[in-house]
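So the chains spell out like this:
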Amino acid sequence: MSSSQQTGGIAVVSLTGGTGRTTVTANLAATLASGAHRCTAVDVDPQNALGTHFGMSPAEEAGLVNRSGLYRPPATSSRVSYVPFGPGRDVARAEREARNDPRWLRSRLQSALDSTTDLMLFDTPATRGVWLEQALEASDTVIVVLRPDAASYATLPALADLFATFSGKRVAYVVNQMDSRSELSRQVQQALSNSLGRSLLPITIPTDEAVREAHARQRTITVDSPGSQVTVRVRHLAEWVTEGTLLEAGFDAPRMP
Amino acid sequence: MAKLTARELHSSGADSDAQDARPARDVQRLLRVADARDQRYEELHNREQRRGAAERWPLLKATDIALAMRRHLSEDER
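For the structure given in this document, a descriptive report is provided here. (Residues numbered from 1 in each chain as written. Chains lettered and ligands numbered in written order. Predicted model: local features only at pLDDT ≥ 70, side-chain atom pairs only at ≥ 80, totals over all residues. Heavy atoms only, no water.)

1. Description of the pattern of salt bridges
Residue and element names in this part refer to chain A. Summed over all chains, the structure comprises 16 salt bridges over all chains. The partner of Glu95 in a salt bridge is Arg99, with the nearest N and O atoms 2.9 Å apart. Of this pair, Glu95 and Arg99 both sit in helix α2 (residues 91–100), four residues apart, roughly one helical turn. A relative accessible area of 55% places Arg99 in the exposed class. (Salt bridge = Lys/Arg side-chain N within 4 Å of Asp/Glu carboxyl O. Helix = DSSP H or I, 4+ residues; strand = E, 2+ residues; numbered from the N terminus. Buried < 20%, exposed > 50% of the residue type's maximum accessible area, 1.4 Å probe, protein only.)

Put into structure tokens, the structure is as follows:
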């Protein structure tokens, strides 16, 4: 993509914890970066956990909220550039700035990312607030990560409210950590399909211990276990997202089985 | 999709050379009726499946009610 074209922003969202949102963001970023895209993963969640998938030390000082500068490490083993959120002591000041400027995140990144970045993936907090809203403001595409459980299902009304406020985005939902042996999981997936229709992507990411093992090795599963079903499904998600984002295919035209 | 019963096909003339004179529009009409019937069946089937899960898991049911209320309010606003 040439520098004259706008960088696509993709927010990865959920309104309950434990859905695997950060892991999906990291794996999706790694998959996109392994293809033709210059992808930067941006941690917009004060938990500051995204970078740990890419080899970042928990003691890392630099980040989005750090006034002294963003941290853009060179290509890691997964070839992903990433921006950590930054240390906790800088959060209050940055939060004040962000509350006063709805485009704070966009401006902050614009000055830091080079013109070859064509995709930005935002990891977001699980609560509605200034950081989630900043990420949505900077995104044209939203991926909602749901677990096939009642807690995720119960967030659908709040998600609908959220997207009524931030309208005009392409919104797609994906089920993560699916255990097809569980009857409850199957029933929730069916209920999600009935409620969301074609907004629920026909790509389900299975539960797999290898995901947690890859994280413990500070790697994405796409690098650590390239033949796994999770890697395959994330690749499908990446293909679909890329078409939706760059080719304006629209989120109502899924093509994956 | 299987749309027509054998009786419907027979009475429509679609399977009978002897009744070729029957207007093609009768066949089209029957196909449309069958399409609508199949679609309705599918909707009911999905609704039943969903109701089954919702009855079993109260949090799903409560969420369905909240979504329905939200839709209702949105329609009112429009």
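2. Some details on the pairing of strand β1 (residues 8–13) of chain A
Residue and element names in this part refer to chain A. Of all six residues in β1, six are buried, a share of seventy percent or more. Side-chain alternation along β1 places Gly8, Ile10 and Val12 on one buried face and Gly9, Ala11 and Val13 on a second face that is also buried. Of the pairings in the sheet, the one linking β1 to strand β4 (residues 119–123) comprises five bridges and is parallel in character. Bridging from a neighbouring strand, Val12 pairs with Asp123 of β4. Bridging between β1 and strand β5 (residues 141–146) involves four bridges; their strand directions are parallel. Residue pairing in the sheet places Val12 in a bridge with Ile143 of β5. (Pairing = 2+ DSSP bridges.)

3. What about the side chain of Thr242 of chain A?
All names here are of chain A. Looking at the element boundaries, Thr242 is found in helix α10 (residues 229–246). Residue Thr242 is classed as buried on the basis of its relative accessible area of 14%. Within the local environment of Thr242, its side chain forms a polar contact with the backbone oxygen of Ala238, the two atoms lying 2.6 Å apart. (Polar contact = N/O pair within 3.5 Å; in protein donor to acceptor, adjacent residues only side chain to side chain.)

4. Some points on the packing of α2 of chain A against helix α4 (residues 130–137) of chain A
Residues and elements named next belong to chain A. With their axes 10 Å apart at the nearest point, α2 and α4 run at an angle of 50 degrees to one another. By the angle between their directions, the pair α2 and α4 is classed as oblique. As α2 packs across α4, the resulting crossing turns out to be left-handed. Between α2 and α4, the residues in contact are Val91, Ala94, Glu95, Ala98 and Arg99 and Val130, Trp131 and Gln134, respectively. In terms of residue class, the contact of α2 with α4 is built from five nonpolar, one polar and two charged. (Axes fitted to C-alpha atoms, helices over the stretch in contact; angles between N-to-C directions. Parallel < 35°, antiparallel > 145°, perpendicular 65-115°, else oblique. Left-handed = near helix turned anticlockwise from the far one by under 90°. Contact = heavy atoms within 4.5 Å. Nonpolar A, V, L, I, M, F, W, Y, C, P; charged D, E, K, R; others polar.)

5. Notes on the environment of Leu59 of chain B
By the element assignment, Leu59 of chain B lies in helix α3 (residues 58–77). Discounting residues that sit within four places of it in the chain, Leu59 of chain B has contacts with Ala150, Ala151 and Ala154 of chain A.

6. Re the interface of chain A and chain B
Contact with chain A, which involves 16 residues of that partner, is made by 13 residues of chain B. Here chain A meets chain B over a buried area of about 1,300 Å², counting both sides, of which 62% is carbon and sulfur. Taken together, the links from chain A to chain B amount to two salt bridges. Put simply, Arg70 of chain B and Asp161 of chain A hold a salt bridge, and the shortest N to O gap is 2.6 Å. On the surface where chain A and chain B come into contact, there are five residue pairs in polar contact (both at pLDDT 80 or more). Broken down by secondary-structure element, the contributors of at least two residues to the side of chain A that touches chain B are α5 (150–153), α6 (156–165) and α7 (183–196) of chain A. The biggest single contributor to the side of chain A that touches chain B is α7 of chain A, with seven residues. Of the residues that constitute the side of chain A that touches chain B, the class distribution is ten nonpolar, four polar and two charged. (Buried area = accessible area lost by both parts, 1.4 Å probe.)

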